[in-house]
Amino acid sequence: MTSDAHIGDDITPGPLVNVPAECYEILRHPRRLRVLEILGSRQTRLSLSDLTTALIDRMNSEIPTGQARHDVRISLVHNHLPRLEDAGIIDRTDTGIVLVDEPPVRPTDLSIFLEACEDENAEKLLETLVDPVRMRILSVLEANDRPLSLEQLATQLSACTGGPFCDGDRAAIALHHSHLPAMADVGVISYDHDSKLITRYDDSVSIVQ
């Protein structure tokens, strides 16, 4: 399985570099990304009805419009809007929804993630990849443009990241047991457990970080 989405192409600091860690969860669902895109493009307070309509227009769905509107509205009211409000990204009142003046996540930084929303497995894809370590992995693989061994990848990551990846051995353990299997599962890389070689698929997602 591979994704048709393609995001970014180098290992320079990416759009999440200034985003608070607690906001990462917000970017892991395609509907919340679409809400931010719409509010950013309109730059005005939208009613719940208008926001629902704008989301429906962006959906590729065979569900009848009436049912789709109901489902989208319910998901906004009971899930996505409260999360965005709690994160301090939107202001929601009886008169409508609008971005706050200085949101911790700026819609202009989301274009690369919106490409992933077009994938049929968008929710799982974003849930897996919107992570600073995994975005860095994809960027390192793309910059090298060839398969890397587990040791090579761990060494490169330990040279440019901190935390648990400041040590190559610890990085290799985390890669082998957590990050690489999860990324292989969504089809953006291939990881051979025997040879310990990692390959980024040419048509897969890559996210700048």
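In what follows, the accompanying structure is described. Predicted, not measured: the structure shown is a model, and the values here were computed from it. (Residues numbered from 1 in each chain as written. Predicted model: local features only at pLDDT ≥ 70, side-chain atom pairs only at ≥ 80, totals over all residues. Heavy atoms only, no water.)

Counting its secondary structure elements, the chain contains eight helices and five strands. Going from N to C terminus, the chain has its helices and strands arranged as α-α-α-β-β-α-α-α-β-α-α-β-β. Counting all 209 residues of the chain, 44% fall into the buried class. Summarising the internal contacts of the chain: among those between residues at least 6 apart in sequence, 63% fall at separations of at least 24. As displayed, the chain has an accessible area near 10500 Å², and 46% of this comes from carbon and sulfur atoms. (Helix = DSSP H or I, 4+ residues; strand = E, 2+ residues; numbered from the N terminus. Buried < 20%, exposed > 50% of the residue type's maximum accessible area, 1.4 Å probe, protein only. Contact = heavy atoms within 4.5 Å. Areas by Shrake-Rupley, 256 points an atom, 1.4 Å probe, with all protein chains shown as cover.)

A word on the pattern of salt bridges. Scanning the entire structure with this criterion turns up seven salt bridges. The salt bridge partner of Glu25 is Arg83, with a shortest N-O separation of 2.8 Å. Highlighted residues: Glu25 in the segment before helix H1 (30–42) and Arg83 in helix H3 (residues 65–86), separated in sequence by 58 residues. Look at Glu25 and you get partly exposed, because its relative accessible area is 29%. Here Arg83 falls in the partly exposed class, since its relative accessible area comes to 37%. A salt bridge links Glu85 to Arg92, with the nearest nitrogen and oxygen atoms 3.1 Å apart. (Salt bridge = Lys/Arg side-chain N within 4 Å of Asp/Glu carboxyl O.)

With that settled, consider the environment of Gly187. Following the sequence through the fold, Gly187 ends up in the loop between helix H8 (168–185) and strand S4 (189–192). Given the relative accessible area of 2%, Gly187 is considered buried. Here the alpha-carbon distance between Gly187 and Arg200, two residues 13 residues apart in the chain, equals 9.1 Å.

Axis angle and axis distance: for two packed helices, these are the angle between their axes and the distance between the axes, and together they describe the pair. Packing of H1 against H3 leaves a shortest axis separation of 10 Å and a crossing angle of 80°. Between H1 and H3, the interaxial angle falls into the category roughly perpendicular. Residue-level inspection shows Arg31, Arg32, Val35 and Leu36 of H1 in contact with H3, the latter providing Asp71, Val72, Ser75, Leu76, Asn79, His80, Leu81, Arg83 and Leu84. A per-class count over the contact of H1 with H3 returns six nonpolar, three polar and four charged. (Axes fitted to C-alpha atoms, helices over the stretch in contact; angles between N-to-C directions. Parallel < 35°, antiparallel > 145°, perpendicular 65-115°, else oblique. Nonpolar A, V, L, I, M, F, W, Y, C, P; charged D, E, K, R; others polar.)

Take the pairing of strand S5 (residues 197–200) next. Burial of S5 is one-sided: the residues Ile198 and Arg200 facing one way are buried, the residues Leu197 and Thr199 facing the other way are not. In this structure, strand S3 (residues 148–149) lies alongside S5, joined through two bridges in antiparallel fashion. By the bridge assignment for S5, Leu148 is matched with Ile198. Examined bridge by bridge, S4 and S5 share four bridges and lie antiparallel to one another. Bridge pairing links Ser190 to Thr199 in S5. Two successive antiparallel strands, S4 and S5, enclose a turn made up of four residues, where Lys196 displays a positive phi of approximately 60°. (Pairing = 2+ DSSP bridges.)

For the rest of this paragraph, the subject is the environment of Gly96. Secondary-structure assignment places Gly96 in strand S2 (residues 96–99). By relative accessible area, Gly96 is classed as buried at 3%. Sequence separation of Gly96 and Ser47 is 49 residues, and the distance between their C-alpha atoms is 4.2 Å. Sequence-distant contacts of Gly96, that is, excluding residues within four places in its chain, are made with Arg45, Leu46, Ser47 and Asp91.

Pairing between sheet strands relies on hydrogen bonds along the backbone, with the strands arranged either parallel or antiparallel. In space, the three strands of this open sheet follow the order S3-S5-S4, with antiparallel pairing throughout. Looking at strand neighbours, the two that pair on one side only are S3 and S4, the edges of this open sheet.

What follows deals with the layout of surface pockets. Counted as a void, the second largest pocket has a volume near 210 Å³. Every residue along the wall of the second largest pocket is listed here: Leu39, Gly40, Gln43, Val98, Leu99, Val100, Asp101, Pro103, Arg106, Pro107 and Thr108. Of all elements in the fold, only H1 and S2 reach the threshold of two or more residues within the lining of the second largest pocket. Classifying every residue of the lining of the second largest pocket gives six nonpolar, three polar and two charged. (1 Å grid on protein atoms, 1.4 Å probe; cavity = no way out; pocket = protein on both sides within 12 Å on 5 of 7 lines; lining within 4 Å. Points joined across faces, edges and corners; volume = space filled by probe spheres on them.)

Read these as spatial facts, not as claims about activity.
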